[in-house]
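Below, each chain spelled out in residue letters.
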Amino acid sequence: LFAIGGEPRLVEAMGIYRRLASAGMESDPRRWWLCQLRMLEILDVTGRNTDQIAPRIRRLREQEPDLGGADTKRGFEGLLARHQ
């Protein structure tokens, strides 16, 4: 849904990512970090609540400085650069 794009699909994707993330980092850390990144990417793409992106990434970095690993860290840093 995220890759296909379009407002209705992105709204649906956001709901799915929220449900997956609600299971917590403990259930599957890799999935949790990817969900966090995708939710912020959806905000970025839709232009909604973009003021929340940089603060959220900073809070996530406090939890884990490597932001879930090299690939997700690149995604978070790209978003942070656009929304600082």
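The structure under discussion appears in the preceding block.
Everything numeric here is computed off the predicted structure, so don't read it as measured data. (Residues numbered from 1 in each chain as written. Predicted model: local features only at pLDDT ≥ 70, side-chain atom pairs only at ≥ 80, totals over all residues. Heavy atoms only, no water.)

Visitor: Can you walk me through the side chain of threonine 72 in this structure?
Guide: Assignment of secondary structure puts threonine 72 in helix α4 (residues 70–83). On the basis of relative accessibility, which here comes to 1%, the residue threonine 72 falls in the buried class. A polar side-chain atom of threonine 72 sits 3.3 Å from the main-chain carbonyl oxygen of glycine 69. Beyond its immediate chain neighbours, meaning those up to four positions away, threonine 72 contacts Arg30, Leu34, Leu37 and Leu67. (Helix = DSSP H or I, 4+ residues; strand = E, 2+ residues; numbered from the N terminus. Buried < 20%, exposed > 50% of the residue type's maximum accessible area, 1.4 Å probe, protein only. Polar contact = N/O pair within 3.5 Å; in protein donor to acceptor, adjacent residues only side chain to side chain. Contact = heavy atoms within 4.5 Å.)

Visitor: How should the packing of aromatic side chains be read in this particular structure?
Guide: Following the criterion strictly, the structure yields two aromatic pairs and no others. Aromatic side chains tryptophan 32 and tryptophan 33 sit 5.0 Å apart centroid to centroid with 90° between the ring planes, which places their arrangement in the edge-to-face category. Measuring from ring centre to ring centre gives 6.0 Å for tryptophan 33 and phenylalanine 76, while their planes differ by 85°; the resulting arrangement is edge-to-face. On the criterion of sequence distance, the pair formed by tryptophan 33 in helix α2 (residues 29–46) and phenylalanine 76 in helix α4 is long-range, its members being 43 residues apart. Among the residues examined, tryptophan 33 registers a relative accessible area of 2% and is labelled buried. A relative accessible area of 0% means that phenylalanine 76 is categorised as buried. A network of ring pairs unites the aromatic residues Trp32, Trp33 and Phe76 as a single cluster. (Phe/Tyr/Trp six-rings, centres within 6.5 Å; stacked < 30°, edge-to-face > 60°.)

Visitor: Would you mind showing me how to read helix α3 (residues 53–63) here?
Guide: Each full turn of the α-helix corresponds to 3.6 residues, which orients residues three or four apart in the same direction. Within the span of α3, buried status applies to Ile53, Ala54, Ile57 and Leu60. All buried residues of α3 project into a common sector of 120° when viewed along the axis, lining one side. The inward-facing, buried residues of α3 abut α2 and α4. (Arc of directions from axis to C-beta.)

Visitor: Looking at this structure, how should I read the environment of tryptophan 33?
Guide: Taking the C-alpha atoms as reference, tryptophan 33 lies 12 Å from arginine 56; in sequence the two are 23 residues apart. When near neighbours in sequence (up to four residues on either side) are disregarded, tryptophan 33 contacts Met25, Leu60, Glu64, Leu67, Gly68 and Phe76.

Visitor: Is there a simple way to explain helix α1 (residues 7–22) in this structure?
Guide: Look at α1: 23 Å from first C-alpha to last across 16 residues, which is about the 22 Å you get at 1.5 Å a residue. Among the residues of α1, those classed as buried are Leu10, Ala13, Met14, Tyr17 and Ala21. Seen end-on, α1 carries its buried residues on one side only, within an arc spanning 105°. In α1, the exposed positions angled more than 90 degrees off the buried face are occupied by Pro8, Arg19 and Ser22. Tucked into the core, α1 has its buried residues touching α2. Directly after α1, the chain includes glycine 24, whose backbone phi takes a positive value near 95°. (Expected span 1.5 Å × (residues − 1).)

Shape descriptors only; they carry no functional weight alone.
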